[in-house]
Amino acid sequence: MRYIPKITLIICSLILLNYNIAGCGELLEEEAQKYRNEGLSAQQKGDLSKAIEYYQKAINLDPSAAPIYNDLGVVYEIQAKLGEAEDMYLRSISIEPNFLAPYFNLGILYEKRQDLPKAAYYFKKRYELGLPNDPRTKESLEHLSQISEIDPLGRSLYLQIEAAQLMRDIKKPGAGQVEAKSSQEGLSLVNIYLEKAKKLYKKKDYMHALKELNKAFVLDPRNPEVADLLQRAQLNILLNHEN
C-alpha cells in the first residue's frame, strides 16, 4: 500500500466534510503547486537539497504532475546524478507524452553519456512535437544535425526529417502551379542533388554525399544512378565507421 502523507489525509478529510472528492483533488493540486514554487525558488538560490525536498513533497500531493518530475530531474542532473535524472525525465514523459521539456533534457543527458543514438531519438521527438518558431525546436534540430555527422542512427533520423520537409515543400501549392510542373521541378531537383552528391563522393565526403542522395531518392526512388551511388556511399560510410 502506497504511503500517503498525514497532511494529505488531513486536507482530504476536511474537504470531504464540506465538498466532494473532486474538490479534494483540486486543493491537492494547489498545494502541490505551492511546493513546486518553493522548490523552484530554492533551486534558483542554489539550495538543491531543499529544492529536492520541496519537489518530492509536491509529487506526494500530486503524483500525476509531469512538470514536477521534470523539475526534479533537472536538479538531479545538476548534481551529476544522471541515473536519477533519467528516471525522472522518463516518468514525466510516461505521464504526459506531449510535455516537451523532458525530451530535450533527455537528449542533453544522453549526449553527456555519449549515448548518441538515444540522444538523437529524443532530439528528433522534441523537434517533431515542438512549434516551428520555438527556439528549443530549432536547437533540437541543431543537436540532431551535429549527431548525424558521427552516428549512423542519428544520420538516419536527421535524413528522415529532411526528406519529410522536402516532401512538404514539393506538395505546397504555388501560385498557378500544376501537377505536371511539380513533377518537372522534382526531376530537376533530382539532377541537382545527384550532381552535388557525385562531387562530394569524389572528394570522399560520403556523409554529405549521402544527404544529397537521400533527397534525390525521395523524389525519384526508381532512378538507377541515384540508387547505385546511394548504395556505394552507404557502404563506404560503414567501412570507415568500422575502421
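Given the structure is predicted, the values throughout are model-derived calculations rather than measurements.

The rules behind each value
Residues numbered from 1 in each chain as written. Predicted model: local features only at pLDDT ≥ 70, side-chain atom pairs only at ≥ 80, totals over all residues. Heavy atoms only, no water. Phe/Tyr/Trp six-rings, centres within 6.5 Å; stacked < 30°, edge-to-face > 60°. Helix = DSSP H or I, 4+ residues; strand = E, 2+ residues; numbered from the N terminus. Lys NZ or Arg CZ within 6 Å of the ring centre and 35° of its normal. pLDDT = per-residue confidence, 0-100. Contact = heavy atoms within 4.5 Å. Expected span 1.5 Å × (residues − 1). Buried < 20%, exposed > 50% of the residue type's maximum accessible area, 1.4 Å probe, protein only. Arc of directions from axis to C-beta.

## A look at the packing of aromatic side chains
Inspection of every chain in the model, using the stated rule, returns six aromatic pairs. The interplanar angle of 70° and the centroid separation of 5.7 Å between the aromatic rings of Phe104 and Phe123 together place this pair among those described as edge-to-face. With Phe104 in helix H6 (residues 101–112) and Phe123 in helix H7 (residues 116–129), the pair connects residues that are 19 residues apart, well separated along the chain. An aromatic cluster of at least three residues, connected via ring pairs, comprises Tyr103, Tyr110, Tyr121 and Tyr122. The ring of Phe104 carries the charged tip of Arg136 above its face, separated from the ring centre by 4.2 Å. We note Arg232 situated over the ring of Tyr201; from NZ or CZ to the ring centre the distance is 5.2 Å.

## Let's talk about the confidence of the model for the protein chain
Low pLDDT marks regions whose predicted coordinates should not be analysed in detail. For the protein chain, the average pLDDT comes to 83, and 79% of its residues sit at 70 or higher. Across residues 14–19 the pLDDT falls below 50, and counting only partners more than four positions away or on other chains, this stretch makes five contacts in the model. Below a pLDDT of 50 lies the segment residues 175–181, which in the model reaches three contacts outside its immediate sequence neighbourhood of four places, other chains included.

## A short note on helix H5 (residues 82–95)
With 14 residues, H5 ought to run about 20 Å at 1.5 Å a step, and its terminal C-alpha atoms sit 20 Å apart, in line with that. Of the positions making up H5, those classed as buried are Ala85, Glu86, Met88, Tyr89, Ser92 and Ile93. Buried positions in H5, seen along its axis, are confined to an arc of 165° and lie on one side of it. Against helix H4 (66–78), H6 and H7 lie the buried residues of H5.

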